[in-house]
Amino acid sequence: MEKKYRVKDLSLAEEGKKKIEWAREHMPVLKFLKEKYSKTKPLEGIKIAGCMHITKETAVLIETLKAAGAETYWSGCNPLSTQDDVAAALAEEGISIYGWRGLSIKEYYWCIDQTINVTPNITIDDGADLVTRLHTYRKEILDKEEVIGGTEETTTGVQRLIAMAKEGKLRYPIIAVNNAETKWNFDNVYGTGQSTIDGILRSTNVLLAGKNVVVAGYGHCGRGIAMRARGMGAHVIITEVNPIRALKAVLDGYKVMSMNQAARIGDIFITATGCKDVVREEHVKRMKNGAILCNSGHFNVEINIEDLKKLSKKREKIRKDVERYELKNNKKIYLLAEGRLVNLVAGEGHPSEVMDMSFANQVLSVIYLVKNKGKMEPKVYSVPIEQDMEIASIKLKSMGIKIDKLTKEQKKYLEEWKEGT
Ligand code: ADE
């Protein structure tokens, strides 16, 4: 019989199972949804192709979707982020999973293609590589008209899908899970904040206190990273292209300057912009000896690695996830995680507690798409506000936290405009 998976090493499965168990115990919203939907099976007969970091948290998402009746087919969404022990555990549990750490670009798309080959009804994407593949090289699958809709996990993916829709190229509805408040306001801020610092520390063990940490981009992710770096005693510098965000950073108490200025004084540079060439030749030339570069944005384009190579006379891997570039001007620059997501390559990604809410949004959005089959247009949708509220309520309940309810009079007051001074 043909194998339904391709992973690095099945003997890692036991370790992976223990990690998944840990995640399960820290994801109470998914636990609630799993119990609820294992009874009603709203996804019975639905084939899902997922393209998302293969982590212990993603494993719990897959379990939840299966409990709700779905058939799942999964690949990773980054060549370096797959946790091989988790992939092995999933394969051993009979999950159709394709991914391993360190795969080539050709292998990366081969893995995605294995999930597309089943002619999915729903796509779950993180970065929009699966959707892009379907709309370019695998259009024959879309022509079968079996795809009901999809979801997108991350800011970069949503950006790409909006561009696709604008050009009239998007062929089915996609829910932007990223834009749910119970996603971005927790995952992007606290998740990225903590996991990025975690990735830097795991790979370098460098002391953050007293260092000049340059954070490029003051969106939700940059904000989280800056907050946590400051909490560790670093002097945080923000670079931005958006004047409103830059101003916010100033009033949040950070130093704000151009990358050219920051390049001379930074000890650690962290990119979180979603844009390319944020750190490039002109900046690297100005950097101090010993500067550390890393990225927390979705793609490995934020630090121009070709520029770094061009300026270097020697390149050497000196620790796991740390490469030393010896520049022609004799300065040494350290690049973490090959310029890919440092939090997922050198760390384990966001903690289970925040992924709990992000992935609850995934489950509820998939169910929404199935329920509304044929009623939605091929465009990018927001998560319904009721869904956000429900997830926040379940999370609070799982934490044993009670909040107040509006009285009848208060509700009425909030809906009226006549009562004033
Ligand atoms: N993105 C960021 N952190 C993640 C995690 N732990 N699992 C899946 N996707 C992620």
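A short tour of the structure in this document, coming up.

Criteria and thresholds
- Residues numbered from 1 in each chain as written.
- Predicted model: local features only at pLDDT ≥ 70, side-chain atom pairs only at ≥ 80, totals over all residues.
- Heavy atoms only, no water.
- Buried < 20%, exposed > 50% of the residue type's maximum accessible area, 1.4 Å probe, protein only.
- Helix = DSSP H or I, 4+ residues; strand = E, 2+ residues; numbered from the N terminus.
- Pairing = 2+ DSSP bridges.
- Right-handed = clockwise from strand over helix to strand, strands pointing away.
- 1 Å grid on protein atoms, 1.4 Å probe; cavity = no way out; pocket = protein on both sides within 12 Å on 5 of 7 lines; lining within 4 Å.
- Points joined across faces, edges and corners; volume = space filled by probe spheres on them.
- Nonpolar A, V, L, I, M, F, W, Y, C, P; charged D, E, K, R; others polar.

**Comments concerning the pairing of strand E1 (residues 47–51)**
For step 1, the next point in the chain: In terms of burial, E1 is largely enclosed, as four of its five residues are buried.
For step 2, the next point in the chain: Note that E1 and strand E2 (residues 71–75) share five bridges and pair parallel. Looking at the pairing, Ala49 lines up with Tyr73 of E2.
For step 3, the next point in the chain: The parallel pair E1 and E2, bridged by helix H3 (residues 56–67), forms a crossover whose chirality is right-handed.
For step 4, the next point in the chain: Here E1 runs beside strand E4 (residues 122–125); their pairing, made up of four bridges, is parallel.

**A look at the layout of surface pockets**
For step 1, the next point in the chain: In this structure, the second largest pocket encloses a volume near 420 Å³.
For step 2, the next point in the chain: Lining the second largest pocket are 19 residues; nearest its centre among them are Thr182, Phe186, Met357, Ala392 and Leu396.
For step 3, the next point in the chain: Elements with a minimum of two residues in the lining of the second largest pocket: helix H9 (181–204), helix H16 (352–371) and helix H17 (385–398).
For step 4, the next point in the chain: Here the element with the most residues in the lining of the second largest pocket is H17; it accounts for eight residues.
For step 5, the next point in the chain: Looking at the lining of the second largest pocket residue by residue, the class counts come to eleven nonpolar, four polar and four charged.

**Focus: the sheet that holds strand E11 (residues 292–295)**
Picture the strands of a sheet paired through backbone hydrogen bonds; they go either parallel or antiparallel.
For step 1, the next point in the chain: The strand order E9-E8-E7-E10-E11-E14-E13-E12 describes an open sheet built from eight strands, whose pairing is mixed. Each edge of the sheet is formed by a strand with only one pairing partner; in this case those strands are strand E9 (255–256) and strand E12 (312–319).
For step 2, the next point in the chain: Where strand E7 (residues 212–216) meets strand E8 (residues 235–239), five bridges bridge the pair, whose relative direction is parallel. Paired with Ala216 across the two strands is Thr239, which belongs to E8.

**Observations regarding the pairing of E12**
The side chains of a regular strand alternate between the sheet's two faces.
For step 1, the next point in the chain: As paired elements, E12 and strand E13 (residues 322–327) share six bridges and run antiparallel to each other. In the strand pairing of E13, Glu316 is matched with Arg324.
For step 2, the next point in the chain: Here E12 folds back onto E13 in antiparallel fashion, the turn holding two residues, of which Asp321 has a positive phi close to 70 degrees.

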